[in-house]
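Observations on the three-dimensional arrangement
Here is how the chains run, residue by residue.
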Amino acid sequence: MTLPTAAQVIDFRSSDREMNRAIAEARKTLPDFVALYRAGTGERHSVKVAIPYDRGREHIWMNLTAVEGDVFVGRIANDPVHLDNLNRGDSYRAGSAMVSDWSYMSGGQMYGSYTTRVAIKKLTPTQVRELGLKLAPLP
């Protein structure tokens, strides 16, 4: 799977109902994801965190290196668009209240990725193929 570049960032209004439902479902299932992470299920575990900036929040993926209580520790996974103080690969810590999605890979498929399932509807089939997204069915 290839992570999106700045040119592939898709903006959503904070009032977008479908995206808000996806975020709510991801947050509701976050404890299940944490349990799977701690059990060593899958690989390439990531959380999407909503990081504030002067005009709103940028939701950006972070590759996990640890979960400490309700704090997610990792490295920023793609190039931020609006966050001048962060770069891909920077260390970052985020409380669970900042998490808007989660994902992990298993058997060549991506699990979770609730917001991605909404966002890809705005991409062309070619863009989806280029990203190499193979989404597993949701539970």
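This text goes with the structure placed above it.
Attention in this report is confined to the structure presented alongside it. (Residues numbered from 1 in each chain as written. Predicted model: local features only at pLDDT ≥ 70, side-chain atom pairs only at ≥ 80, totals over all residues. Heavy atoms only, no water.)

1. Let's talk about the overall build of the protein
- What the protein contains, in helices and strands, is four helices and six strands.
- Listing the helices and strands of the protein from first to last along the sequence gives α-α-β-β-β-β-β-β-α-α.
- For the protein, the proportion of its 139 residues judged to be buried stands at 39%.
- For the protein, the proportion of contacts with a sequence separation of at least 24, taken over those separated by at least 6, is 54%.
- Split by element, the accessible area of the protein, about 8,000 Å² in all, is 49% carbon and sulfur. (Helix = DSSP H or I, 4+ residues; strand = E, 2+ residues; numbered from the N terminus. Buried < 20%, exposed > 50% of the residue type's maximum accessible area, 1.4 Å probe, protein only. Contact = heavy atoms within 4.5 Å. Areas by Shrake-Rupley, 256 points an atom, 1.4 Å probe, with all protein chains shown as cover.)

2. So, the pattern of salt bridges
- Enumeration according to the criterion identifies four salt bridges in this entry.
- Residue K28 pairs with E25 through a salt bridge whose shortest N-O separation is 3.8 Å. Residue K28 and its partner E25 are both found in helix α1 (residues 17–28); the two are separated by three residues, about one turn of the helix.
- The residue R88 makes a salt bridge to D79 at a minimum N-O spacing of 3.3 Å.
- Judged by relative accessible area, which is 41%, R88 ranks as partly exposed. (Salt bridge = Lys/Arg side-chain N within 4 Å of Asp/Glu carboxyl O.)

3. What about the side chain of H45?
- Residue placement: H45 occurs in strand β1 (residues 43–53).
- A relative accessible area of 10% means that H45 is categorised as buried.

4. Points about the packing of aromatic side chains
- The full count for this structure, using the stated rule, is four aromatic pairs.
- Measuring from centroid to centroid gives 5.7 Å for W102 and Y114, while their planes differ by 70°, and the two rings are edge-to-face. Here Y114 lies in helix α3 (residues 114–119) and W102 lies in strand β5 (residues 99–106), a separation of twelve residues in the sequence.
- W102 gets classed as buried once you look at its relative accessible area, which sits at 6%.
- By way of ring pairs, the aromatic residues F33, W102, Y104, Y111 and Y114 are connected into one cluster. (Phe/Tyr/Trp six-rings, centres within 6.5 Å; stacked < 30°, edge-to-face > 60°.)

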